Amino acid sequence: MEQTAEVTHHEHSGGGTKEIIKVTIWLSVLTVVELGLGFLMMNWPEESFKRHLVKGIIVILMLWKAFFIVAYFMHLKHEIKNMIMTIVVPLLLFVWFIIAFLYDGNSYKNLRNEYDPHKKEQSTIKVEKKEEGEEKPEVKKAVE
Amino acid sequence: MWYFLMSDAFTFGAFLIAYGTTRFATNGWPDPNKVFESFPGLGHGYPLLFVSLMTFILIISSVTMVLAVQAGHNMNKRSVVINLILTIIGGLAFLSCQAWEWTHLHAEHAWWGQNPFLNADGTQSTTNFTNFFFTITGFHGFHVFSGVIINIIMLIMTLSNVFEKRGHYLMIEKAGLYWHFVDLVWVFVFTCFYLI
């Protein structure tokens, strides 16, 4: 730890405040863009293709922001290479996790919709506009 | 520190993936723009506004933390103290925002196990939405809270010249790593819950 800190120290003295300000501006701009996209898609239909597309773009911007924070604020970029590798390589597991789990969730939904028509029917019933103070007639669905 | 943060990343990752899986496995989901649309003093109808404020508070506090770490490199005690105080204020501001939001949602009868919001298409929603929201933002808020405590300890140690005597401010660097990690997690939580 002492040694890596030493390395950081020497290399970091180059970057300095300028770099921090640059990264701050990047992060702010990316956040504003994300929010702009959020406002843009607010009134689009929920399952439409363009909405999914914009959500995808937002996820990419999110990863981009994450990169800025990790690389510059946590200055992982200025660490020695082996250090970077021990951190980044295990995190690659997430790629598999995310794909596998989301795929699984989606397939669960499709299978259930196919083989449990009652459940599917239940989930298409619209709830009437709720009145103030009145307890909603619990369309209590077992969650799992 | 890095390895602790990595394990923490896996915890948060597991939470968020569980959330994603559940969301993919459910037919409908509430529209975040309808749920989180209040701003203190302004009332309803301002989607995304409050959470953007929270996001910027956290980003700015992360910046002041970087500045504190850098001042530590230069052995500039005064600057370390100022920036640490700013970071602590940012953290507390974020926590207050979150407290307000939770109180507000609770007043709307949203809590663990109860979800007053309907799905985007007007159908009955499950309590998964509020359960995940409160668990994950709660876990993150707890991290912010511990980060503020750590920063306060760092501030006290700086003021009592512990680091001056030690000859380096490496402790602050480690506290800084933790603080940035909290900010990093917020980037993900914010996107997953409020934007998409």
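Keep in mind that what you see is a predicted model, and the values were worked out from it rather than measured.

Moving on to the overall build of chain B. In terms of helices and strands, chain B carries seven helices and zero strands. Written out in order from the N terminus, the α and β elements of chain B read α-α-α-α-α-α-α. By its C-alpha atoms, chain B is 65 × 40 × 20 Å across when sized along the principal axes.

All names here are of chain B. Helix α7 (residues 170-195) packs onto helix α3 (residues 49-73) with a crossing angle of 160 degrees between their chain directions and a minimal axis gap of 9 Å. By the angle between their directions, the pair α3 and α7 is classed as roughly antiparallel. Crossing hand, α3 versus α7: left-handed. On the side of α3, the interface is formed by V51, T55, L58, I59, S62, M65, V66, A68, V69 and G72, while α7 contributes I172, E173, G176, W179, H180, D183, W186, F190 and Y194. Of the residues contributing to the contact of α3 with α7, the split by class is 12 nonpolar, five polar and two charged.

Right, let's talk about the environment of L58 of chain B for a bit. Residue and element names in this part refer to chain B. Secondary-structure assignment places L58 in helix α3. It is 6.1 Å that separates the C-alpha atoms of L58 and D183, two residues lying 125 residues apart in sequence. Apart from the residues lying within four places of it in its own chain, the contact partners of L58 are G90, F94, D183 and W186.

Moving on, we come to the confidence of the model for chain B. Per-residue confidence for chain B gives a mean pLDDT of 89; residues scoring 70 or more make up 100%. Both confidence scores are given for the complex: pTM 0.83, ipTM 0.79.

The next thing to look at is the interface of chain A and chain B. At the junction of the two partners, chain A supplies 47 residues and chain B supplies 45 residues. Secondary-structure elements contributing two or more residues to the side of chain A that touches chain B are α1 (2-40), α2 (49-73), α3 (81-91) and α4 (93-115) of chain A. Top element by residues in the side of chain A that touches chain B is α1 of chain A. It accounts for 14 residues. Considered class by class, the residues forming the side of chain A that touches chain B number 27 nonpolar, 12 polar and eight charged.

Let's shift gears to unusual backbone geometry. Residues and elements named next belong to chain B. With phi around 55 degrees, M75 is a residue other than glycine that occupies positive phi space. With respect to the secondary-structure elements, M75 resides in the loop between α3 and α4 (77-107). For M75, a count of 13 C-beta atoms within 10 Å corresponds to the partly exposed category.

Low-pLDDT portions of the prediction should not be read for the details of their coordinates. All names here are of chain A. Across chain A, pLDDT averages 77, with 78% of residues at or above 70. Between the elements of chain A, mean pLDDT differs from a low of 73, seen in α1, to a high of 89, seen in α4. In the model, residues 1-14 has pLDDT below 50 throughout and makes 16 contacts with residues more than four positions away in sequence or in other chains. Predicted confidence is poor over residues 131-144, with pLDDT under 50, and the contacts of this stretch with residues over four places away or in other chains come to 10 contacts.

This brings us to the packing of α2 of chain A against α7 of chain B. It is the contact of α2 of chain A with α7 of chain B, at a shortest axis distance of 9 Å, that shows an interaxial angle of 175 degrees. Compared by their axis directions, α2 of chain A and α7 of chain B come out roughly antiparallel. Residue-level inspection shows I58, V59, M62, K65, A66, I69, V70 and F73 of chain A of α2 of chain A in contact with α7 of chain B, the latter providing H180, D183, L184, V187, F188, T191 and L195 of chain B. Each residue belonging to the contact of α2 of chain A with α7 of chain B can be placed in one class, and the counts come to 11 nonpolar, two polar and two charged.

What counts and how
- Residues numbered from 1 in each chain as written.
- Chains lettered and ligands numbered in written order.
- Predicted model: local features only at pLDDT ≥ 70, side-chain atom pairs only at ≥ 80, totals over all residues.
- Helix = DSSP H or I, 4+ residues; strand = E, 2+ residues; numbered from the N terminus.
- Axes fitted to C-alpha atoms, helices over the stretch in contact; angles between N-to-C directions.
- Parallel < 35°, antiparallel > 145°, perpendicular 65-115°, else oblique.
- Left-handed = near helix turned anticlockwise from the far one by under 90°.
- Contact = placed C-beta atoms within 7 Å.
- Nonpolar A, V, L, I, M, F, W, Y, C, P; charged D, E, K, R; others polar.
- pLDDT = per-residue confidence, 0-100.
- Buried ≥ 20, exposed ≤ 12 C-beta atoms within 10 Å, placed from the backbone.

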